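Results of the structural survey
Spelled out from the first residue to the last, the chains are:
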Amino acid sequence: MKITFSLLMGLAAACIALQPAAQAATKVANYAQAQAKLNDDGYVLFIYGQGWDKRAQQAMTELYNNPEIAKAAGGAAMMLVGFPEGTDETRNPLMKKIMGELQLPHVHSKHSFPAVVMYNKAGRLTSIISGPAMTYPDPARIARVISVRRQGMATQRQLLAAANEKQGEERARLLLQAARVPNLERPDRIQQLIKEADPEDKAGCLAALNFYNTTVGDKAGEMSLADILKAQDAAIANPLHTVQQKQNACAYAIGTIRRRAGAGGSDLIRKYATQMKQLDPTSVLGQSADIVMRDWTHGLQFVRGWSPGTLPIQGQPTELLGKLPISDAGTYKLHFKPTGGDKAIIARVALYDGDTLISEDVRTTAIADNGQDHYYTLTVTAKVNTPRIFITFNNEESDRNTYGKFFITKD
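Rules used in this analysis
- Residue indices begin from 1 for each chain and proceed along its sequence in written order.
- It should be noted that, the model being predicted, local features are given only for residues of pLDDT at least 70 and side-chain atom pairs only at 80 or more, the latter also being counted only at that level, while totals for whole chains, interfaces and linings use all residues.
- Excluded from the side-chain calculation are hydrogens and water; included are all heavy atoms of the structure.
- Only DSSP runs of H or I covering at least 4 residues are called helices, and only runs of E covering at least 2 are called strands; the numbering of each starts at the N terminus.
- It is over C-alpha atoms that the radius of gyration is taken, and the globule rule equals 2.2 Å times the number of residues to the power 0.38.
- Note on contacts: a residue pair is in contact if any heavy atoms of the two residues lie within 4.5 Å.
- Charged-residue counts in this description rest on Lys and Arg as positive and Asp and Glu as negative, His and the chain ends being excluded.
- Where a charge lies is defined by one atom per residue type, namely NZ (Lys), CZ (Arg), CG (Asp) and CD (Glu).
- Buried residues are those whose accessible area, probed at 1.4 Å on protein chains only, stays under 20% of the maximum for their type, while exposed residues exceed 50% and partly exposed ones sit between those limits.
- A strand pair is defined by DSSP finding two or more bridges across the two strands.
- Axis lines are fitted to C-alpha atoms, over the contacting stretch for helices. Their N-to-C directions set the angle, which ranges from 0 to 180 degrees.
- By definition in this entry, angles of less than 35 degrees are roughly parallel, angles greater than 145 are roughly antiparallel, angles of 65 to 115 are roughly perpendicular, and the rest are oblique.
- Handedness of a crossing follows from how the near helix is turned relative to the far one, being left-handed for an anticlockwise turn of less than a right angle and right-handed for a clockwise one.
- Residues are grouped as follows: Ala, Val, Leu, Ile, Met, Phe, Trp, Tyr, Cys and Pro are nonpolar; Asp, Glu, Lys and Arg are charged; every other residue, Gly included, is polar.
- Within 6.5 Å between ring centres, the rings of Phe, Tyr and Trp (the latter by its six-membered ring) count as paired, and their orientation is classed by plane angle as stacked under 30 degrees, edge-to-face over 60, tilted in between.
- Here, a charge over a ring is recorded when the distance from Lys NZ or Arg CZ to the ring centre is within 6 Å and its angle to the ring normal is within 35 degrees.
- You can read pLDDT as the predictor saying how much it trusts each residue, on a scale of 0 to 100.
- Identification of polar contacts relies on pairs of N or O atoms within 3.5 Å, with a donor-acceptor requirement for protein atoms, meaning one able to donate a hydrogen and the other able to accept it, and with residues adjacent in sequence counted only if both atoms are side-chain atoms.

**Comments concerning the overall build of the protein chain**
- A count of helical and extended segments in the protein chain gives 13 helices and 13 strands.
- At 30 Å, the protein chain has a C-alpha radius of gyration far larger than the 22 Å of a compact globule built from 411 residues.
- Referenced to the eigenvectors of the C-alpha coordinate spread, the extents of the protein chain come out at roughly 90 × 50 × 40 Å.
- Long-range pairs, those at least 24 residues apart, make up 67% of the contacts in the protein chain between residues at least 6 apart in sequence.
- Averaging the locations of the 47 positively and 40 negatively charged side chains of the protein chain gives two centres separated by 4 Å.

Structural data, given as structure tokens:
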């Protein structure tokens, strides 16, 4: 991996160094004219709704004529393309005359018009700039985006060229990197190329390329929550996965915990939400982590007791939230009073002062609604400033139908 990283750094530096300092793009009227001017920078098309979006037509025309934009596009062939109204029968011949072999973005891709669409020299669509950036397009900002993506295209070309010089797993890793250049489409036939380079996927590149949010697939319904989370942890730790893939794995874990354990999985939900945010706080999932922690981590509440929706996951020490009547030295009892459902199984109760363990009562007890007073004893030898109680339930995933209340008394 260090060799591959060093190679990538060298390629990136080479790509930047190879960028023409003052070269400006060439304006052409159509695909046919572009062929005489074509080079590795490919094509940059400025597409708007002709006849049905006059404001966009004006904005795109201004971008097309802006010197800063032309400089950012390097040696690309630039075309201003009006996308006409009408049916495909009337529209396609008009577009074909202008765009030739270049294809519009697929109808199901994430794009809108107006858009700046970039193609490589072979005519393959490589990147789309659309959406909010094009609502009120700032030429300087659009120029920076075009420049960065053009450099990305150069990096992708260099990676593919380097991959052609290698075999086996090393070739597969370079191909995977070429498919991962930010904001660029994957190279043509990339899955097949990786599979040909590493048929048994020993390097894990093909699996990484196709990973979205989990490896368990349809097997999840037959797996325990613990086994699912083990698979998610492996996915999050996989160095071949991108930040977004790792965030997707966190999101899958959060959703599974929520469905399987409700608020009883609050501690685990908080764990994965924190990871999701730390990976990239500015992304959609990174920002949603705060909402997840706000709305889905109410946890075990002292005043509300326990229920199937708040019962902690088996073996997971869970904090009892709320104002606890524990302060001065003495012997305290945490009482468990069942109010319905099946038995609650308690394995451990521990008292902390902040993060310092003060006392614990470790024994497994099945608490039934039989009128008996079930309690765990906690001994305090000095004043507790920040009392925190952690309870470990031992109910299995299929045995969560239990309800009850908590009480704390002092002898």
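After presenting the structure, the write-up continues.
**Considering the environment of Leu351**
- Looking at the secondary structure, you find Leu351 in strand E9 (residues 344-353).
- Given the relative accessible area of 0%, Leu351 is considered buried.
- Taking the C-alpha atoms as reference points, Leu351 and Thr379, 28 residues apart in sequence, are found 8.7 Å from one another.
- Dropping the residues within four chain positions of it, Leu351 is found in contact with Ile326, Thr356, Leu357, Ile358, Ser359, Leu378, Val380, Pro387, Arg388 and Ile389.

**Notes on the pairing of strand E4 (residues 115-119)**
- For E4, the tally of buried residues reaches five of five residues, placing the bulk of the element in the interior.
- Side-chain alternation along E4 places Ala115, Val117 and Tyr119 on one buried face and Val116 and Met118 on a second face that is also buried.
- The sheet contact formed by strand E2 (residues 43-50) and E4 spans five bridges and is antiparallel. Bridging from a neighbouring strand, Ile47 pairs with Ala115 of E4.
- Here E4 runs beside strand E5 (residues 125-129); their pairing, made up of four bridges, is antiparallel. What sits directly across from Val116, in E5, is Ile129.
- The turn linking E4 back onto E5 is made up of five residues, and Gly123 within it adopts a positive phi angle of 90 degrees.

**Examining the packing of helix H11 (residues 243-261) against helix H13 (residues 284-296)**
- One can describe the packing of H11 onto H13 by two numbers: an axis separation of 11 Å at closest approach and a directional angle of 20 degrees. By the criterion of interaxial angle, the relationship of H11 to H13 is roughly parallel. Classified by chirality, the crossing of H13 by H11 is left-handed. Here Gln247, Asn248, Ala251, Ile254 and Arg258 of H11 lie close against H13, whose contacting residues are Leu285, Gly286, Val292 and Trp296.
- Its residues placed into classes, the contact of H11 with H13 shows five nonpolar, three polar and one charged.

**Quick notes on the sheet that holds E4**
- Sheet architecture is open: five strands sit in the order E1-E3-E2-E4-E5, paired in mixed fashion. Edge positions in the sheet fall to strand E1 (26-27) and E5, since each has one partner strand and no second.
- Across two bridges, the pairing between E1 and strand E3 (residues 77-84) is parallel. Paired with Thr26 across the two strands is Ala77, which belongs to E3.
- Across the sheet, helix H3 (residues 54-64) touches E1, E2, E3 and E4, and the angle it forms with E2 is around 160 degrees.

**Quick look at the packing of aromatic side chains**
- Considering all chains together, one arrives at eleven aromatic pairs under this definition.
- Through successive ring pairs, a cluster of aromatic residues spans Trp306, Phe336, Tyr376, Phe393 and Phe406.
- One residue, Lys27, lies across the ring of Tyr64, its end atom 5.1 Å from the ring centre.
- Cation over ring: Arg55 sits above Tyr136, and NZ or CZ is 5.1 Å from the ring centre.

**Section: the confidence of the model for the protein chain**
- Per-residue confidence for the protein chain gives a mean pLDDT of 90, with 93% of residues at or over 70.
- A low-confidence stretch, residues 1-22 stays under pLDDT 50, and its non-local contacts, those more than four residues away or across chains, total 23 contacts.

**Examining the environment of Glu319**
- Tracing the backbone through its elements, the reader meets Glu319 in strand E7 (residues 318-321).
- Glu319 sits 237 residues away from Gly82 along the chain, and the two C-alpha atoms are 61 Å apart.
- With residues up to four places along the chain from it excluded, the contact list for Glu319 reads Asp267, Leu300, Arg388, Ile389 and Phe390.
- Polar contacts involving the side chain of Glu319 include one to the side chain of Arg388, which spans 3.0 Å.

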